[in-house]
Amino acid sequence: MASRKVNLTNTGEFQNAAFGQNGFRVINSGTVQPADEQYICIYCIAVATGVTTTTPQGDALGGVDLQAGMVLYGDFTTITVATGNVIAYIR
C-alpha cells in the first residue's frame, strides 16, 4: 500500500506523522520497501549497522551505525540496514 503524501507544514498532519498515526515498518537487512513509501522518523530498536538513507533534498546517511534507542527525524525516501533493526514511521 502506498503511503499518502502529507503536508508537513500543516500542524495536525505533522503531529499525526510524528506520532506514528500513519503506521510504521520494521526494517532490517531483508526488508523490501514498498514503492512510493516515505518515512518521517527512524527509531533504532537494536544496534543497526550500515544504515543508508536517501531524501528528496539530496542529503543522506551513508552506511552509519546506530545504537539502540537512537531517533532520527527527516524526510526519508529510502532506508536500508545491513544488520540490526529499526522502526521507520511512515510519512
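Data block above holds the structure.
In this convention, every chain numbers its residues from 1, walking through the sequence in written order. Per-residue local features of the predicted model are confined to residues with pLDDT of at least 70, and side-chain atom pairs are confined, for both listing and counting, to 80 or more; whole-chain, interface and lining totals are unaffected and use all residues. Think of the side-chain values as coming from all heavy atoms in the structure, minus any hydrogens and water.

Caption draft 1: Region of the structure containing the packing of aromatic side chains. Any two of the Phe, Tyr and Trp rings considered here, Trp counted by its six-membered ring, make a pair once their centres fall within 6.5 Å; the pair's planes then place it as stacked at under 30 degrees, edge-to-face at over 60, or tilted in between. Under the criterion given, the structure shown has 1 aromatic pair. Ring geometry for Phe24 and Tyr89: centres 6.1 Å apart, planes at 55°, overall tilted. Remark: Tyr89 occurs in strand E6 (residues 83-90) and Phe24 occurs in strand E1 (residues 24-27); sequence separation between them is 65 residues. Using a 1.4 Å probe on the protein chains alone, a residue whose accessible area is under 20% of its type maximum counts as buried, one over 50% counts as exposed, and one in between counts as partly exposed. Residue class for Tyr89 comes out partly exposed when judged on its relative accessible area of 21%. Strands here are runs of E lasting at least two residues and helices are runs of H or I lasting at least four, both read from the DSSP assignment and numbered beginning at the N terminus.

Caption draft 2: Region of the structure containing the pattern of salt bridges. The term salt bridge refers to a pairing of a side-chain nitrogen on Lys or Arg with a carboxyl oxygen on Asp or Glu at a separation within 4 Å. Inspection of every chain in the model, using the stated rule, returns 2 salt bridges. For Arg25, the salt bridge is made with Glu37, and the minimal N-O distance between the two is 2.6 Å. You can see Arg25 sitting in strand E1 and its partner Glu37 sitting in the loop between E1 and strand E2 (39-54), a full 12 residues away along the chain. When its relative accessible area of 27% is taken as the criterion, Arg25 is described as partly exposed. Taking the relative accessible area as the measure of exposure, Glu37 reaches 2% and is therefore buried.

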